[in-house]
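Commentary on secondary and tertiary structure
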Amino acid sequence: MARPTIADIASRAGVSKGAVSFALNGRPGVSDATRERILKIAEQMSWRPHSAARALGASRVDSVGMVIARPARTLGVEPFFAHLLSGVQSGLSAESISLQLLIVEDTAAEIEVYRRWASEHRVDGVILVDLTVKDPRIDELKALELPAVVIGGRGGKGALASVWADDRDAMLAIVEYLAALGHRRIAHVAGTPNFQHTQRRIKAVRDAAPRLGLLDAPSLTTDFSDAEGAAITRKLLSQPDRPTAIVYDSDVMAVAGLGVAMEMGVAVPAELSIVAFDDSTLTQLMHPALTALSRDTFDFGRQAAEVLLDTIADPTQVINRRTPDPVLTVRESTAPPS
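Values in this document were obtained by computation on a predicted structure and should not be read as measured data.

Now for the sheet that holds strand E5 (residues 161-164). Ordered in space as E2-E1-E3-E4-E5-E11, the six strands form an open sheet in which the pairing is parallel. Because the sheet does not close on itself, it has two edges, and the strands there are strand E2 (98-103) and strand E11 (320-322). Each strand axis lies, on average, 20° off the axis of its neighbour in the sheet, ignoring direction. Inspection of the sheet shows E5 paired to E11 by three bridges, in the parallel sense. Across the sheet, the residue bridging to Trp-164 is Arg-322, located in E11. The sheet strands contacting helix H7 (residues 107-120) are strand E1 (63-68), E2 and strand E3 (125-128), and the helix crosses E1 at an angle near 165°.

Here is the structure:
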């Protein structure tokens, strides 16, 4: 029989998981009557605290950490991360929890930060982004018994809590739309190759190509920077059989690609259709405005914070929360090929 969780106690008591956590950890926030009722139900269900939860409960620091292993210069122009961090902070601030943010050069440095945070008990849990293929962070965090939530992908087949949307379905929506317009040469300017979400998007394009009768559908990887997005676009548009549509894995690269098209005298959308995987003010202010996948990135971050706090309260549960898929917002940068 599975050990009872805080969620089980909350369900039986008819209260929130936060209220159960306050009662079990002897913290203020619930009435004496409610606390007594929750403790009685926990005893009836033979609930016992997880070892990591017991240690955390005794010395909560009311702070969570987030480490991003990307070039700081690239992150500085990424609207996606700005909205995501705002959402995370909003979710944490509602519970008076602070956020420690560090930007490092690579995954090895990121893991060292987690080890230091765990040994010094600097944070109660962490938020992971950019899950990679065979990601070493998953096993490391499990070994450290540090509560964590993965943004954007299931944490190692459910080993860690996660908040995610389906990148494959989202990419298929873009490619199917372009094919319906009549495009048969569609290029994909992808992100970092070892990211799981990059691989899912590349596979979606590859799998859709024969079904949709595409003549050419290459995926070219980048570091998500505007410079590499521009360089790949220049290479694609210099080919004899250049694509009639290009899909970019970020809004920043899509804007850079539009600039290259203008520089080379390729009219958008008359000669080239452009689609951005991420929507932002950037894509909306361009001329022409860019077709893009739209989603509430702020709420995406807020939900990640909520799931992490639930995981900190009860490390025995593994929450995998799927959020709504992004929706394609058609603007002026796409049209049938001439």
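Turning to its location among the elements, Ser-294 is positioned in strand E10 (residues 291-294). Separated by 15 residues in sequence, Ser-294 and Asp-279 place their C-alpha atoms 5.1 Å apart. Separated by 2.7 Å, the side chains of Ser-294 and Thr-329 make a polar contact.

Once that is clear, we can look at the pairing of strand E6 (residues 186-189). Here E6 shows two buried faces, one formed by Ile-186 and His-188 and the other by Ala-187 and Val-189. Taken together, the four bridges between E6 and strand E8 (residues 245-248) define a ladder with parallel strand orientation. Among the inter-strand pairings, His-188 is bridged to a residue of E8, identified as Val-247. With helix H10 (residues 196-212) bridging E6 and the parallel strand E7 (residues 219-220), this β-α-β connection has right-handed handedness.

The description of an aromatic ring pair rests on the distance of the ring centres and on the angle between the ring planes. Within the structure shown, the criterion is met by three aromatic pairs. Judged by centre distance (5.5 Å) and plane angle (90°), the rings of Phe-80 and Phe-81 are edge-to-face. Taken as a pair, Phe-80 and Phe-81 share a single burial class, namely buried. When the ring centre of Phe-277 is taken as reference, the NZ or CZ atom of Arg-201 above it lies at 3.7 Å.

What follows concerns the pairing of E5. Burial along E5 is two-sided: the face carrying Ala-161 and Val-163 and the face carrying Ser-162 and Trp-164 are both buried. Pairing of strand E4 (residues 148-151) with E5 involves three bridges; the strand directions are parallel. If you follow Ile-151 over to E5, its bridge partner there is Val-163.

Below, the discussion takes up the nonpolar core. With 26 residues, the main nonpolar core has Met-66, Leu-84 and Leu-92 as its most contacted residues. Top element by residues in this core is helix H14 (residues 297-313). It accounts for seven residues. Excluding residues within four positions of it along the chain, Met-66 makes contact with Leu-84, Leu-85, Leu-99, Gln-100, Leu-101, Leu-102, Trp-117, Ile-127 and Val-129. With 22 residues, the next largest nonpolar core counts Ala-187, Val-255, Val-268 and Ala-292 among its residues.

Attention now goes to the pattern of salt bridges. Side chains that carry opposite charge are capable of pairing whenever their charged atoms lie near each other. In total, this model carries 21 salt bridges according to the counting rule given. The shortest N-O distance in the salt bridge between Arg-302 and Asp-299 comes to 2.8 Å. Taken together, the residues Arg-302 and Asp-299, both in helix H14 and three residues apart, mark about one turn of the helix. Among the residues examined, Asp-299 registers a relative accessible area of 23% and is labelled partly exposed. Counted as one network, the salt bridges with shared partners bring together Asp-166, Asp-169, Arg-322 and Asp-325.

Here Thr-5 shows up in the segment before helix H1 (6-13). Discounting chain neighbours no more than four positions away, the residues touching Thr-5 are Trp-47, Asp-314 and Thr-316.

For the rest of this paragraph, the subject is the environment of Met-45. Looking at the element boundaries, Met-45 is found in the loop between helix H3 (32-44) and helix H4 (51-58). Met-45 sits in the buried class, given a relative accessible area of 17%. Between the C-alpha atom of Met-45 and that of Ile-9, which follows or precedes it by 36 residues, the distance is 7.9 Å. Not counting residues up to four positions away in its chain, the partners in contact with Met-45 are Pro-4, Asp-8, Ile-9 and Arg-12.

Scoring rules and cut-offs
Residues numbered from 1 in each chain as written. Predicted model: local features only at pLDDT ≥ 70, side-chain atom pairs only at ≥ 80, totals over all residues. Heavy atoms only, no water. Pairing = 2+ DSSP bridges. Helix = DSSP H or I, 4+ residues; strand = E, 2+ residues; numbered from the N terminus. Axes fitted to C-alpha atoms, helices over the stretch in contact; angles between N-to-C directions. Contact = heavy atoms within 4.5 Å. Polar contact = N/O pair within 3.5 Å; in protein donor to acceptor, adjacent residues only side chain to side chain. Buried < 20%, exposed > 50% of the residue type's maximum accessible area, 1.4 Å probe, protein only. Right-handed = clockwise from strand over helix to strand, strands pointing away. Phe/Tyr/Trp six-rings, centres within 6.5 Å; stacked < 30°, edge-to-face > 60°. Lys NZ or Arg CZ within 6 Å of the ring centre and 35° of its normal. Core = buried A, V, L, I, M, F, W, Y, C linked by side-chain atoms within 4.5 Å. Salt bridge = Lys/Arg side-chain N within 4 Å of Asp/Glu carboxyl O.

This is a description of form; function is not addressed.
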